[in-house]
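Secondary and tertiary structure notes
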Amino acid sequence: MHLQEIDFNQYTKHMEVTYRYSAYDYDTSMAYLPRYALDTLCRFLTRNSVPYEIIPVESYTPKMVKIPLKKNVTPRENQVDIINFLSDEKLTYHPLSAQCSIGKTVMSIMAMSHHGMVSMIVLPLLIPQWYKSIFQFTRLKKEDVYVIRGFDRLQRLWKMHEQGYKPKIIIFASRTLMLYAYTKTEGYADLPSYAEFQKQFGIGVKIIDEVHLGFNANVLIDLQSNIKHNIYLSATYGRSSQSGQAIFSLVFPTSVVYHNALRKKFTVVHPVSYSLGMGGDESPFVKQKGYNQALYENYILKILEFKREFMNVVIPEVLTRFYYSRHQPQYRVLILCQTQKFAETIAKAVMKYVSNNQFTDENGAVYSRSIGVFFSGTTSQDELQKDILISTVKSCGT
């Protein structure tokens, strides 16, 4: 049983351990493993005639609270079965694999409302969007929701708790929770433990969004958690590396992941080749771990000739071929970039393209296209409703 991820180090020319998926507590002499590694461990111990005993441990007692939904919040037909899965009282493990735009956020909020327990939402990004969605779909007050991003906010919550403050939903930035629950760096170690945090605040539901992002951190957080209901959300249940995928499949076996909501990700995929006259040398865009898109984007913006070619020829040609020529009013476009600067530059090219073209439906009626540029935490969420949306992977990815 291998609970570590390995990769080739170009500098040492050796395979090295990059991530570990187990933990050991020197104070209690207890080892922590992913739950679905237990059977493999038991078989290993039996095969080597090592006696063992399995002692079930109950989750921390959750605090019951009311998370009322607004009257107009009702599930769509394709959401009902998913919400039932997320709300199933008999399950403690609720991994959901569902395509983008199906409404994973609102369905999770509905499940929180059903469970009626203090909930903790762990997010690698998109904290403002989740915060706004909670008030969009529930009748909670501002004081019912507390956001922790950084040590100071966590320390402040403990001080407020001493004075009787009891939030119903706690939103935790993944990195902050990792430092608190596992790394326990200076400052965090002086606070009450993460185990005590779960007990004192009565956490009964834990939601991890985009569980494939920062997967190692999410697993290590899980190893330190003892919560009744655990919901994991992603449209991408997998890892790119072979060793990473093996561990991912161990943590999230196909048999326990709700896959029925996942339709075919792409109806048709059209790879588009283009040349900016820079040749085939990719070395300026390659770092130790491989190709780096941010370096490529910055390179294009730096060379005026390449920038003009990409913005004035490549972008309009792709839009004309795959969007403008299909002229369906219901069609929307999402253009994802690695860097915000590149996204802003593309937005100017798209605005020029739209202003120079008229869109007509099948009946010949002219309609307009709106353009939105969205960056998490800096622009309005209303931009997400535009017809042509330009954003970054971190702000608007899966």
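Quick note: structure is the one above.
Residues numbered from 1 in each chain as written. Predicted model: local features only at pLDDT ≥ 70, side-chain atom pairs only at ≥ 80, totals over all residues. Heavy atoms only, no water.

**Details of the sheet that holds strand S16 (residues 371–374)**
Taken together, the three strands give an open sheet; going across it, the order is S13-S17-S16, and neighbouring strands pair in parallel fashion. Strands at the two margins of the open sheet, each flanked by one partner only, are strand S13 (333–337) and S16. Shown here is a sheet whose adjacent strand axes are inclined to one another by a mean of 20 degrees, direction ignored. Across four bridges, the pairing between S16 and strand S17 (residues 388–392) is parallel. Bridging from a neighbouring strand, Val373 pairs with Ile390 of S17. Seen against the sheet, helix H12 (residues 340–355) touches S13, S16 and S17 and runs at an angle of roughly 165 degrees to S17. (Pairing = 2+ DSSP bridges. Helix = DSSP H or I, 4+ residues; strand = E, 2+ residues; numbered from the N terminus. Axes fitted to C-alpha atoms, helices over the stretch in contact; angles between N-to-C directions. Contact = heavy atoms within 4.5 Å.)

**Observations concerning the sheet that holds strand S9 (residues 203–208)**
Read from one edge of the open sheet, six strands run S5-S10-S9-S6-S8-S7, paired in parallel fashion. Where the open sheet ends on each side, the last strands, each with one partner, are strand S5 (93–97) and strand S7 (145–148). The sheet shows a mean angle of 15 degrees between the axes of neighbouring strands, direction not considered. Note: strand S6 (residues 118–123) against S9, five bridges, orientation parallel. Paired with Ser119 across the two strands is Val205, which belongs to S9. The sheet contacts of helix H2 (residues 80–87) involve S5 and strand S10 (229–234), and relative to S5 the element is tilted by about 150 degrees.

**Remarks on the packing of helix H10 (residues 293–302) against H12**
Remark: H10 packs on H12, axes separated minimally by 9 Å, with the N-to-C direction vectors making an angle of 50 degrees. Comparing their axes, H12 and H10 come out oblique. You can see that H10 and H12 cross each other, and the crossing is left-handed. For the pair formed by H10 and H12, the contact residues are Glu297, Ile300 and Leu301 on the first element and Lys341, Phe342 and Thr345 on the second. Considering only residue class, the contact of H10 with H12 consists of three nonpolar, one polar and two charged. (Parallel < 35°, antiparallel > 145°, perpendicular 65-115°, else oblique. Left-handed = near helix turned anticlockwise from the far one by under 90°. Nonpolar A, V, L, I, M, F, W, Y, C, P; charged D, E, K, R; others polar.)

**With respect to the layout of surface pockets**
Space inside the second largest pocket adds up to approximately 1,900 Å³. The wall of the second largest pocket is formed by 50 residues, among which Tyr32, Leu33, Val57, Leu223 and Ser225 lie closest to the centre. Ranked by residues supplied to the lining of the second largest pocket, first place goes to helix H1 (residues 38–47) with four residues. Considering only residue class, the lining of the second largest pocket consists of 31 nonpolar, eight polar and eleven charged. (1 Å grid on protein atoms, 1.4 Å probe; cavity = no way out; pocket = protein on both sides within 12 Å on 5 of 7 lines; lining within 4 Å. Points joined across faces, edges and corners; volume = space filled by probe spheres on them.)

**Some remarks on H10**
An α-helical turn contains 3.6 residues, so any two residues separated by three or four positions project in the same direction. Every buried residue belonging to H10 is among Ala294, Tyr296, Glu297, Ile300 and Leu301, and all of these are buried. Along the axis of H10, the buried positions cluster into a sector of 160 degrees, meaning they face one direction only. In the core, the buried residues of H10 are packed alongside strand S12 (290–291), helix H11 (304–322), S13 and H12. Of the residues flanking the start of H10, the one acting as N-cap is Asn292, its side-chain oxygen 3.0 Å from the backbone nitrogen of Ala294. (Buried < 20%, exposed > 50% of the residue type's maximum accessible area, 1.4 Å probe, protein only. Arc of directions from axis to C-beta. Polar contact = N/O pair within 3.5 Å; in protein donor to acceptor, adjacent residues only side chain to side chain.)

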